[in-house]
Every structure is written in C-alpha cells, then in structure tokens.
Amino acid sequence: MDDDFDSGGPIIGAGGISLKQTKEVSLDDAVQELHNNVKEKVLPWSMSKDFGFHLVLIFIWAFIGLFLLFSANSFLGFLNLFIAMPHFYIMILALFILYLIIGIILPVLILRSYYYSKFPNSSMIKEVNKELQNIKEGVLLGIAYKHKIDVPHYLENNQTYKSMQMTKTVVDVGDYGPYVIDYLKEPNYNILNIGSSGFGKSVTSMSFAVRASLVYGIKFLIIDYNGEYEKFADKCNLTVWHAGKDFKINLFKLNGVDPETRASFISDSLVATAKLTPLQATKVKSAVMRYYKMKKIPRLLDVFIDLSRDSKNELICQRLRAIQRVIGKEPKEFWDSLLSGNNIVNLSGLNETEKELAVHMILERIYELFNREQELNNKLRLLVIIDEAWRATHKSRYEEDEYEPLVSKIARQGRKYGFGIMLTTQQLDDAPGPFINSSAIKLIHNYQDSDTLNSISKLFKLSTFESTYIENAGIGELLIIDKGKKIAKSQWWNDYVKVLPIRDDEFAKLAALNQRYNPKVIEEPSMPIDAYELGTYK
C-alpha cells in the first residue's frame, strides 16, 4: 500500500484533510476544504490559457482607452487655448470617469461574470452541501467540477459520436457537485485504482469501501500487504487477521472439489507463487494424490516428509518450507464472517512467497464459495480490495503467455457470482490486461513520469487536457472513467473528481454495524530445517 497511516507526519487525504484529524473535521469543514482546493485547481488546469488571453485583451483595451483619453484631453486643452470653456475641468473629469467605466470596470465585470459560473461560489457551495446531506442512493466519491475537453479528440476516438457536428473545438463539460457512483448498475463490479505513490489511492479505496458498505450493505475484505490498515480497522471496528499467526489456509483441503482438481490447483499455485517448475510441481501433485487416494487430507509437513525421501527433491522441500507459515488449519470464523462482517487480512508477517500464495488461495476460496452458493448470487455481496495488486497478478517465469491470472478469471465472472474486485497499483503494467479492459470504473490519480503518463494516455485515449490534469493532480484528485455513467447518461467525456475522505460519522456508523472478532493464535508443528534432520534421504 502506498499511503502510510503513521509515518511520523500528518497524512493528507483528499482535500488536504489529515486522516489523523478526522474526528475534529465536520462535514461542512471537509466540504469547504474541498471547495477551496477545487477553486485553486480549476484555474491552472482548465482555464489558464483562456484567462491569460482575456487579461491580455483587457490590458490592450485599457491601453487603447488610455491613449484615447490622453488624446481627448490634449485636444480639449488645445481648444481651450482658443475657445474659453467654462466647464473644461468637469469635461476632463467626465472623460476620465467614462474611461474608468468603459475601459476598466466594464471589461472586468464581463470577465468576472464569465468565470464566476466556473468557480465554486457561495451559492453553489450551499447547494452542494445540501446535495451531500441528501444523498440516498449510490456511493459518494467526492466532488466533481467543470473542465474543458478537446472536442475533436473525443469525436475521433469515439465511434458513437464520430458523426457529431460541433462548431467549437474546446468546450466546458461536467457539473460542479457531488460525484455519486451507482455501483449496482455498473456493467460489472470491478474497479482499477492507479496512481503514483502518496497521492491518495488507499484513501480513495477505503472511502469507496466504507460508503458502499453503508449504502448497499455489502461486506468488504481488504488484503493488506504491509499492515498499514490497522488504524482504519480500529475506527471501523473491523476484524483483523494476521497471516502466519491467527490466519492460515489449508492448501490441501478439498472444500467440495474433487481430488484431481484440487491437486491440479495446488500444482498450479506452487508454480505461480512458490517458483516451482512444472516438473517440481508435478511431484508435489503426485505426493498429494497418494494421500487423497488413501482418503486422507495431508498436512504440509506430511508432503514435505514424503518428498524428502528422495534427495533429488531437496529444492522442492526448501520451497515448501518457505511457505510453511501461511499453510495450516483454517480459522472457521474467518470464512463464516466473510459475508457477514468486514475483514482485513494482514500479510505483513509473511515472506514474499507466502504473501503471493496467501492471496492466490484467498481468491480461489472466494471463487469456490460463490460458485458453490450460486442461489445466493442474485445481488452484490462482497468487495475484495487488493492493495499492491501486482503481487497478486503477475506471472511466474514458467507460465505460458496464454496463462490467465486468477484475479482475471474471477473478474470476468464476478458480477455473475455477486462480488467485485478493486485492484490498487502504482504501475498499470502490473494489472492484467483482461482486468483493465473489463473494469467498469477506472480511477487515475497523479502520474508525473512521462513514460507512464504517455502509456496511460494512449491506453485510455486521453486528451492533452486530461493528461495535463493527471500530471498536475494533487492528493486525492483523480480522473474517473465510469462506464456505467457514460451508458446511463449518454456521456462521452471523463470526469475530474476531488475525493471526500471518510467522515467521522461514517466511521461511527460502520463501527456500530460491525461485530469485531478477536482471532486466536493457530499452533502448527514446525517444519524441519531440511531432510537430513528427518533422516529420510535414501
């Protein structure tokens, strides 16, 4: 996860609000902070060229007026030498006042009127606050605001609107107000959340999860690689499972699957995560199948002992030993609460191989659970958030090009089974192509690296305006590509959104709904250092 909760200084969420200060921040204060940030950002991102051009016009107009004023004064002064003018100075003053009105005040008022509607003003702020208080359906992401788009770019890259005839090349689009996602009406429940480290991806993920749970009653599971969600768990009264201590997975449990299928999955999992070659994994599969044929469910230690009888399997045994902390007796309470409570699985106590295997097994078990209970899959029931998503989606060096990461397979069928996945990552290349293409919602935070920005712009067909916005986006500011909204409203542009962090009252509401469980430590026999310790080599 890229956004630390406690790194020594205040962590700034969207709108410049410190997560550590959420208990002192009211809704009105949070919203006002968002308005201020939007007001500061809209001008340089969307209208700097227009504003500069208009200022130049005003200066030219004022200069011309000043030139005419001096010319008129000189002419009247010249006439006054030959023709006595009793009201000469009054005429001069009148000309000066006329110049101020026509040359300066009137252009400034016109310019102010033009831009006033584009900035969050007091009446707009009051209206947005009222709308925020009255949101009944959908997941509030934050506040959207007007911005400019390159019309030719959109028409060229969108077949639906290619035939549109528009006289302007640049237009203002979007509405200033709450951005609400109608999650249940999206084409699927998959969300891609990308951006550079430190720009609020995790705050965005948590805000969405909490509000989705409050609005729809769905549960969420956060797979926490680095153990940085603990304080979030305390605020929401979530159950935290520590992998390797009170959370393990029985890799060999059949769980309603036939032995051959389970053994094949074990083999594939060890290739994908434990870096076994296909041949080495086949040996593990054979050892597991011997136990299944005897109607027994083996332990990892049993498989280790079985394989250690042949000295050629020394490397396999060492690889099995490297995953020992995550393999063992499963806590029944975790799977019982998966659809009745909100959970965090903390993987920080594991090595990299164990982490990858744990994520792989959790996703597989969820897939099996929903596949087995299809009669209950008529609605969304679970959102799985995977931070540092690259760890769960990359391929091993032994996998073929046609290999489909497990997360992609689940993503393809998630809506049918009633659960969604949110992948959070820094590098777009880390996410599987099928997941990127199928995700109904794409949240793009700040990127300043030119190569990455160019890749993202090309993949999502972003305009120069949008690329510039992403490059200059602050913490909690993002560009959203929302398929559901585009379909529902026939909208052909993307939106700019400032994320509203979780409020104190939302924390309290979710905490009241959760019943926290205190997991118990799971004791497992320790693995021997190697086969020599067992004395099993032939």
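Calculation notes
Residues numbered from 1 in each chain as written. Predicted model: local features only at pLDDT ≥ 70, side-chain atom pairs only at ≥ 80, totals over all residues. Heavy atoms only, no water. Axes fitted to C-alpha atoms, helices over the stretch in contact; angles between N-to-C directions. Helix = DSSP H or I, 4+ residues; strand = E, 2+ residues; numbered from the N terminus. Left-handed = near helix turned anticlockwise from the far one by under 90°. Contact = heavy atoms within 4.5 Å. Nonpolar A, V, L, I, M, F, W, Y, C, P; charged D, E, K, R; others polar. Buried < 20%, exposed > 50% of the residue type's maximum accessible area, 1.4 Å probe, protein only. Parallel < 35°, antiparallel > 145°, perpendicular 65-115°, else oblique. pLDDT = per-residue confidence, 0-100. Pairing = 2+ DSSP bridges. Core = buried A, V, L, I, M, F, W, Y, C linked by side-chain atoms within 4.5 Å. Polar contact = N/O pair within 3.5 Å; in protein donor to acceptor, adjacent residues only side chain to side chain.

> Could you give me a rundown of the packing of helix 7 (residues 259-273) against helix 12 (residues 352-372), with the residues and numbers involved?
For the pair helix 7 and helix 12, the least separation of the axes is 9 Å and the interaxial angle reads 145°. The hand of the helix 7/helix 12 crossing is right-handed. In this structure, helix 7 contributes Arg262, Phe265, Ser269, Ala272 and Thr273 to the contact, and helix 12 contributes Thr353, Glu356, Leu357, His360, Met361, Glu364, Arg365 and Glu368. The residue makeup of the contact of helix 7 with helix 12, split by class, is four nonpolar, four polar and five charged.

> Give a detailed account of unusual backbone geometry, specifying residues and quantitative values.
At Lys275, a residue that is not glycine, the phi angle is positive and equals roughly 65°. Along the polypeptide, Lys275 turns up in the loop between helix 7 and helix 8 (278-293). The exposure class of Lys275 is partly exposed, given its relative accessible area of 27%.

> Now, about the packing of helix 8 against helix 10 (residues 314-321): what can you tell me, with residues and values included?
Where helix 8 contacts helix 10, the axes come no closer than 10 Å and their chain directions differ by 75°. Here helix 10 runs roughly perpendicular to helix 8, going by the angle between their axes. Contacts between helix 8 and helix 10 involve Gln280, Lys283 and Val284 on the former and, on the latter, Leu315, Ile316 and Arg319. The residue inventory of the contact of helix 8 with helix 10, partitioned by class, reads three nonpolar, one polar and two charged.

> For the confidence of the model for the protein chain, give the residues involved together with the corresponding values.
Per-residue pLDDT for the protein chain averages 77, and the proportion of residues at 70 or more is 72%. Here helix 13 (residues 390-393) is the element of the protein chain with the lowest mean pLDDT, 51, and strand 11 (residues 441-444) is the one with the highest, 96. Across residues 1-27 the pLDDT falls below 50, and counting only partners more than four positions away or on other chains, this stretch makes 76 contacts in the model. Per-residue pLDDT stays below 50 along residues 38-48; that stretch engages in 30 contacts with residues further than four places along the chain or on separate chains.

> Tell me about the sheet that holds strand 12 (residues 477-482), and name the residues and values.
If you trace the 11 strands from one edge of the open sheet to the other, you get 4-1-13-12-11-5-10-9-6-8-7, paired in mixed fashion. What marks the edges here is a single partner per strand, and that holds for strand 4 (177-181) and strand 7 (239-242). When strand polarity is set aside, the average angle formed by the axes of neighbouring strands in this sheet is 25°. In this structure, strand 9 (residues 382-386) lies alongside strand 10 (residues 419-425), joined through five bridges in parallel fashion. When the sheet's bridge partners are listed, Leu383 is paired in strand 10 with Gly420. Packed onto the sheet, helix 5 (residues 201-216) meets strand 1 (139-145), strand 4, strand 5 (191-194), strand 6 (219-224), strand 9, strand 10, strand 11, strand 12 and strand 13 (495-499) and runs at close to 125° relative to strand 1.

> I'd like a rundown of the nonpolar core, residues and numbers included.
In terms of nonpolar packing, the biggest core is built from 77 residues, with Ile366 and Phe460 touching the most fellow members. A total of 10 residues in this core trace back to one element, the largest contributor, which is helix 12. Non-local contacts of Ile366, meaning those with residues more than four positions away in its chain, are made with Leu221, Trp335, Leu338, Leu382, Val384 and Phe419. Among the nonpolar cores identified, the runner-up in size contains 37 residues, and Ile344, Leu380, Leu443 and Leu478 belong to it.

> Describe the side chain of Ser205, with residues and values.
By the element assignment, Ser205 lies in helix 5. Judged by relative accessible area, Ser205 falls into the buried class, the value being 1%. Those residues in contact with Ser205 that sit more than four places away from it in its chain are Asn193, Ile385, Met422 and Thr424.

> A description of the side chain of Asn343 should follow, citing residues and the corresponding values.
Looking at where Asn343 falls in the secondary structure, it is placed in strand 8 (residues 343-346). Of the polar contacts made by the side chain of Asn343, one reaches the backbone oxygen of Gly341; its length is 3.4 Å. Look past the residues within four positions of Asn343 in its chain and what remains in contact with it is Phe220, Leu221, Ile222, Thr239, Trp241, Phe334, Ser337 and Leu338.

> Can you explain the environment of Tyr417? Please cite residues and give values.
Looking at where Tyr417 falls in the secondary structure, it is placed in helix 14 (residues 406-417). Tyr417 sits in the buried class, given a relative accessible area of 4%. Residues Tyr417 and Leu382, 35 residues apart in the sequence, show an inter-C-alpha distance of 9.7 Å.

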